[in-house]
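As a plain string of letters, each chain reads:
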Amino acid sequence: MDNNNNAVLLQISDQGVATLTLNRPEVHNAFDDSIIAALIEALESTDRSPEVRVLVLRSNGRNFSAGADLGWMKRMAQNSHQENLEDAGQLARLMEVLNNHSKPTIGLVQGAAYGGAVGLAACCDIVIATEQSSFCLSEVKIGLIPAVISPYVVRALGERLSRRYFLTAEPFSAKIAADAGLVHQVVPHADLLDEACSRFIAQLRRNSPQAMHAAKELIFAVSQKTIDQSVIDDTACRIADIRVSAEGQEGLSAFLDKRTPNWIED
C-alpha cells in the first residue's frame, strides 16, 4: 500500500504477517485525516484477508507517533461543529477497527507515543515498548481531551491512572505503562523490538486462527460484565460452538492423535 506519499506502508509476508507502518519520521509520525483513512483501509483489508495471520503495527524513525498532526488540528478548529463531528468519527472508526481486528495485533512502540498514538497502542492485543519509550495523553495542554481514544485507554490503564494522566498531561514511562497493563513487554532498546516481536509471532502462528478470533470476541463479551445467567449461558454456547467447528475438531483430533494441527505450516 502506498498512501500520502508513502506515509502508510503495508507489507504481507509469505508467513501471513501483515506489517502496517507509519512512515512520517520527519514529523514524528503524526497523523491526519488522510493517514487515518489509509490506516482504516489497510486494517479492513487485512481483517478480510485469509492470508493474514498476524498484524504488526509499527512506525519508522525515533518516535512511534506524536499523535494528531498540528496542521490538521488547526484546520479542523476552523471548521463547523458538524464537520468536526464527522472528522472525529473517522478517528473513532480507526480505533474501533484496530481494537476489533479479527487477527492478533502487535504494536511496537519506540520513543514517544503521544495523544492518539496511546490510543493505537491501547487497541493492540500485545504491545512491546523499549525502556526509553514514553507515553503522554497531552490533549489538555492545548485545550482538548482524549475523547475517542478514552474507552480503550481507560480499559488499558485503569481509571485511577487515567484520572492522573488525562488531567496532568505528564509523560509516563514504559515501566509505568507495563505495570498498568498498557504495555506487555519492555525491551532494553529499539534494536530488540523485532526479536521480541518475532517470538510472539512464532507463538501466535502455532494457535488456531479461528480460536484466537473467538478468544478475542470472548474477552469483549465477558469484560466488566456481571457474571449472571446470561453471561454463563453465552460462554457455554461459545465453547459448544467452537468444539463442533472445523478447527475445533481438527485441534482436538490432532491433540489426541499426537500430531501437528493443519494450521501449523512449518
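These figures come from a predicted structure and were not determined experimentally. (Residues numbered from 1 in each chain as written. Predicted model: local features only at pLDDT ≥ 70, side-chain atom pairs only at ≥ 80, totals over all residues. Heavy atoms only, no water.)

## A closer look at the pattern of salt bridges
Should their charged atoms come close, side chains of opposite charge can pair. By the definition in use, this model includes 13 salt bridges. Across the salt bridge formed by Arg75 and Asp33, the nearest N and O atoms sit 3.3 Å from each other. Residue Arg75 is found in helix H2 (residues 70-77), and its partner Asp33 is found in helix H1 (residues 33-48); the two are separated by 42 residues along the sequence. The class of Asp33 is partly exposed, set by a relative accessible area of 30%. In this structure, Glu44 and Arg93 form a salt bridge, with 2.8 Å as the shortest nitrogen-oxygen distance. (Salt bridge = Lys/Arg side-chain N within 4 Å of Asp/Glu carboxyl O. Helix = DSSP H or I, 4+ residues; strand = E, 2+ residues; numbered from the N terminus. Buried < 20%, exposed > 50% of the residue type's maximum accessible area, 1.4 Å probe, protein only.)

## Regarding unusual backbone geometry
Of note, Ala169 is a non-glycine position whose phi angle comes to about 60°, a positive value. Structurally, the position occupied by Ala169 is in the loop between helix H6 (159-168) and strand E9 (172-173). For Gln224, which is not a glycine, the phi torsion comes out positive at approximately 60°. Position of Gln224 among the secondary structure elements: in the loop between helix H9 (209-222) and helix H10 (229-243). A relative accessible area of 68% places Gln224 in the exposed class.

## Re the domain arrangement of the protein
For the protein, the assigned domains are domain 1 (8-205) and domain 2 (207-257). Here the C-alpha centroids of domain 1 and domain 2 sit 28 Å apart. Contacts between the two partners involve 13 residues from domain 1 and, on the opposite side, eight residues from domain 2. Carbon and sulfur atoms supply 46% of the area buried between domain 1 and domain 2, which totals about 830 Å² over both sides. There are one salt bridge connecting domain 1 and domain 2. Between Asp125 and Lys216 there is a salt bridge whose closest N-O contact spans 2.8 Å. Linking domain 1 with domain 2 are four residue pairs in polar contact (both at pLDDT 80 or more), by the criterion used here. (Domains from an automatic or database assignment. Contact = heavy atoms within 4.5 Å. Buried area = accessible area lost by both parts, 1.4 Å probe. Polar contact = N/O pair within 3.5 Å; in protein donor to acceptor, adjacent residues only side chain to side chain.)

## Brief notes about the sheet that holds strand E8 (residues 134-136)
Paired through backbone hydrogen bonds, the strands of a sheet run either parallel or antiparallel to each other. An order of E6-E8-E9 is seen for the three strands of this open sheet, with the pairing classed as mixed. Two strands close off the open sheet at either side, each with one partner strand: strand E6 (112-114) and E9. Together, E6 and E8 form the strand contacts of helix H4 (residues 116-123), whose direction differs from that of E6 by roughly 100°. (Pairing = 2+ DSSP bridges. Axes fitted to C-alpha atoms, helices over the stretch in contact; angles between N-to-C directions.)

## Focus: the packing of aromatic side chains
Counted according to the given criterion, the structure contains two aromatic pairs. Residues Phe135 and Phe172 carry aromatic rings whose centres are separated by 5.8 Å and whose planes lie at 20° to one another, so their mutual orientation is stacked. Pair noted here: Phe135 is in strand E8 and Phe172 is in strand E9, with a separation of 37 residues, a long-range link. Phe172 sits in the buried class, given a relative accessible area of 3%. Put simply, the rings of Phe135, Tyr165 and Phe172 pair up and form one aromatic cluster. (Phe/Tyr/Trp six-rings, centres within 6.5 Å; stacked < 30°, edge-to-face > 60°.)

## Observations concerning the pairing of strand E3 (residues 17-22)
A large share of E3 lies buried, amounting to six of its six residues. Inspection of the sheet shows strand E2 (residues 8-12) paired to E3 by five bridges, in the antiparallel sense. Counterpart to Leu9 in the pairing with E3 is Thr21. The turn joining E2 and E3, which pair antiparallel and follow one another in sequence, is formed by four residues; a positive phi near 85° is taken by Gly16. Of the pairings in the sheet, the one linking E3 to strand E4 (residues 54-59) comprises six bridges and is parallel in character.

## Details of a nonpolar patch on the surface
On the surface, Leu70, Ile142 and Leu144 cluster together into a nonpolar patch covering about 310 Å² of accessible area. By the element assignment, Ile142 lies in the loop between E8 and helix H5 (150-157). (Patch = residues over 30% accessible without salt bridge, like charges linked within 9 Å, V, L, I, M, F, W, Y side chains within 5 Å. Areas by Shrake-Rupley, 256 points an atom, 1.4 Å probe, with all protein chains shown as cover.)

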